[in-house]
Amino acid sequence: QSSPPVQPSANAGRLDVKNELDGLVDGFGKKLLDRLSNKVSGALFEGNADINKVIYRDRYLNAPLPVSLLLDFIGAIKDIQQKRWDNPIIEIVTVDLPDDSRSIAPPSQVFHNWQSSLVREKAIKAGFEQRGMNAVVRCLPKQLASHARTLEIGMADGCKLKLWLDQIYGLDIAIING
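Summary of the structure given here.

**Here's the deal with the side chain of Thr94**
Here's step 1: Locating Thr94 in the fold gives a position in strand S3 (residues 90-95).
Here's step 2: Since its relative accessible area comes to 1%, Thr94 is described here as buried.
Here's step 3: In contact with Thr94, other than residues within four places in its own chain, are Asp58, Arg59, Tyr60, Leu61, Arg120, Val137, Arg138, Cys139 and Leu140.

**Describing the pairing of S3**
Here's step 1: Most of S3 is tucked away: five of the six residues are buried.
Here's step 2: The sheet contact formed by strand S2 (residues 51-57) and S3 spans four bridges and is parallel. Within S3, the position partnered with Arg57 by the bridge is Val93.
Here's step 3: Pairing of S3 with strand S4 (residues 135-140) involves six bridges; the strand directions are parallel. Residue pairing across strands places Val93 opposite Arg138, the latter belonging to S4.

**So, the environment of Asp96**
Here's step 1: Tracing the backbone shows Asp96 in the loop between S3 and helix H3 (117-130).
Here's step 2: For the pair Asp96 and Tyr60, spaced 36 residues apart in the sequence, the C-alpha separation amounts to 9.2 Å.
Here's step 3: If we ignore the near neighbours within four places in the chain, the residues touching Asp96 are Ser117, Arg120, Cys139 and Leu140.
Here's step 4: Polar side-chain contacts of Asp96 include one of 3.2 Å to the side chain of Ser117.

**Some details on the packing of helix H1 (residues 28-39) against helix H2 (residues 64-80)**
Helices that pack against each other are described as a pair by the angle of their axes relative to one another and the distance between those axes.
Here's step 1: For the pair H1 and H2, the least separation of the axes is 7 Å and the interaxial angle reads 65 degrees. Between H1 and H2, the angle falls in the class roughly perpendicular. Classified by chirality, the crossing of H2 by H1 is right-handed. In contact with Phe28, Gly29, Lys30, Leu32, Leu33 and Leu36 of H1, H2 contributes Leu69, Asp72, Phe73, Ala76, Ile77 and Ile80.
Here's step 2: In terms of residue class, the contact of H1 with H2 is made up of nine nonpolar, one polar and two charged.

**Re the side chain of Lys78**
Here's step 1: Structurally, Lys78 is set in helix H2.
Here's step 2: Here Lys78 occupies a buried position and makes no salt bridge, while the nearest side chain of opposite charge, Asp79, is found at 5.8 Å.
Here's step 3: Among residues more than four places away in sequence, those in contact with Lys78 are Trp85, Arg131, Gly132 and Met133.

**Focus on a nonpolar patch on the surface**
Here's step 1: On the surface, Leu65, Val110 and Phe111 cluster together into a nonpolar patch covering about 280 Å² of accessible area.
Here's step 2: Along the chain, Phe111 falls in the loop between S3 and H3.
Here's step 3: Note on Phe111: relative accessible area 53%, which makes it exposed.

How each quantity is defined
- Residues numbered from 1 in each chain as written.
- Predicted model: local features only at pLDDT ≥ 70, side-chain atom pairs only at ≥ 80, totals over all residues.
- Heavy atoms only, no water.
- Helix = DSSP H or I, 4+ residues; strand = E, 2+ residues; numbered from the N terminus.
- Buried < 20%, exposed > 50% of the residue type's maximum accessible area, 1.4 Å probe, protein only.
- Contact = heavy atoms within 4.5 Å.
- Pairing = 2+ DSSP bridges.
- Polar contact = N/O pair within 3.5 Å; in protein donor to acceptor, adjacent residues only side chain to side chain.
- Axes fitted to C-alpha atoms, helices over the stretch in contact; angles between N-to-C directions.
- Parallel < 35°, antiparallel > 145°, perpendicular 65-115°, else oblique.
- Left-handed = near helix turned anticlockwise from the far one by under 90°.
- Nonpolar A, V, L, I, M, F, W, Y, C, P; charged D, E, K, R; others polar.
- Lys, Arg positive; Asp, Glu negative; His and termini not counted.
- Salt bridge = Lys/Arg side-chain N within 4 Å of Asp/Glu carboxyl O.
- Patch = residues over 30% accessible without salt bridge, like charges linked within 9 Å, V, L, I, M, F, W, Y side chains within 5 Å.
- Areas by Shrake-Rupley, 256 points an atom, 1.4 Å probe, with all protein chains shown as cover.

Here you go:
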C-alpha cells in the first residue's frame, strides 16, 4: 500500500502529534513507540515472527536532526523487540542532496543540510553502527522517490508495520498481515 489508510480500523489509525514528543532526541523513539502502542487496539508488532526488514523512505532526509530522530526510533524498536530482532540491514531510501546545499556556508546547526550526499551517507551508517545495526543508503532520482515519508518494518511471517510520517499532520499507522 503506497498511501496511508483512510479509515481507522483495528489494524489502522491516525496519531496526531502536537508537542507530546518535544524534548531531547535521546528518548524520542521510546516516547513515540509508547504513543503508537496506545493508539492501536492490538499489538503494534503482531505475532512472534522475527523482525527481518526495516525500510525508511524519505526524499527530504537532508539534515542530522531527522536522522537522529529516526535512529533513536529504530533503536527503541530494536531494544524493545530484542528477542525478535533478526539483525536486518536498515535500508534508507532517499535522493541526493540538492546542489544548492553545497554552495552555502558549512552547517553549524543540527537542522542544517549536510554539505554532500557522501557525508550524509557516512554519518547515517556510522550512527546505526554505533547502535549495533548496519545500514545502507540508496539514492533514487527525485522523480522516482516516493513523496511520502514511510517506515516499513517487516516480519518473517509476512506481517508488516507501516507508518506514514507527516511533519505537519501526524502519523498514519497500518498493521498489514501477510
